[in-house]
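# Chains, contacts and geometry: an overview
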Amino acid sequence: DGETARTSEIRNLGLAKLTLNLFNPLHLNLNLRGDEITATLHERESGSPRFELQRVYLETRQGRDRVLDKWRLEPAVLENGQRIYEVSATPSRTFDSLYVVAEYSGALVAEKQIPLR
């Protein structure tokens, strides 16, 4: 937020404030039922973060790098300061890993493997 802290005193730096200034918090709900994957992602708006969420995908992969299927979570609604994204998909092939991939402004891409067990 443009503040600079310089001091010789021992102080604590609040990482929650730093995190909220960089990104809006995300919460993912995921259901795996039979052959269907359903995901709902909640983005809580908290001011004006440095990096804004542009797109979110679910990817099935073989290993870490070979993408088999890719589905975009579509913006559904904005309620109570939360933007909600949703997708329902059926994988076309057998996969061994599932990832959520977030693309942010500034060409920043973050991915997280979702444990299947």
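Look up: the structure comes first, before these words.
Read on for an overview of the structure. (Residues numbered from 1 in each chain as written. Predicted model: local features only at pLDDT ≥ 70, side-chain atom pairs only at ≥ 80, totals over all residues. Heavy atoms only, no water.)

A separate point is the packing of aromatic side chains. On inspection of all chains with the given rule, the structure shows 2 aromatic pairs. Measuring from ring centre to ring centre gives 5.5 Å for Phe-23 and Phe-51, while their planes differ by 20°; the resulting arrangement is stacked. With Phe-23 in the loop between α1 (15-22) and β1 (26-33) and Phe-51 in the loop between β2 (36-44) and β3 (53-62), the pair connects residues that are 28 residues apart, well separated along the chain. Measuring from ring centre to ring centre gives 5.0 Å for Phe-23 and Tyr-104, while their planes differ by 70°; the resulting arrangement is edge-to-face. In this pair, Phe-23 is assigned in the loop between α1 and β1 and Tyr-104 in strand β7 (residues 97-104), connecting sequence segments 81 residues apart. (Phe/Tyr/Trp six-rings, centres within 6.5 Å; stacked < 30°, edge-to-face > 60°. Helix = DSSP H or I, 4+ residues; strand = E, 2+ residues; numbered from the N terminus.)

With phi around 60°, Ala-107 is a residue other than glycine that occupies positive phi space. With respect to the element layout, Ala-107 can be found in the loop between β7 and β8 (108-114).

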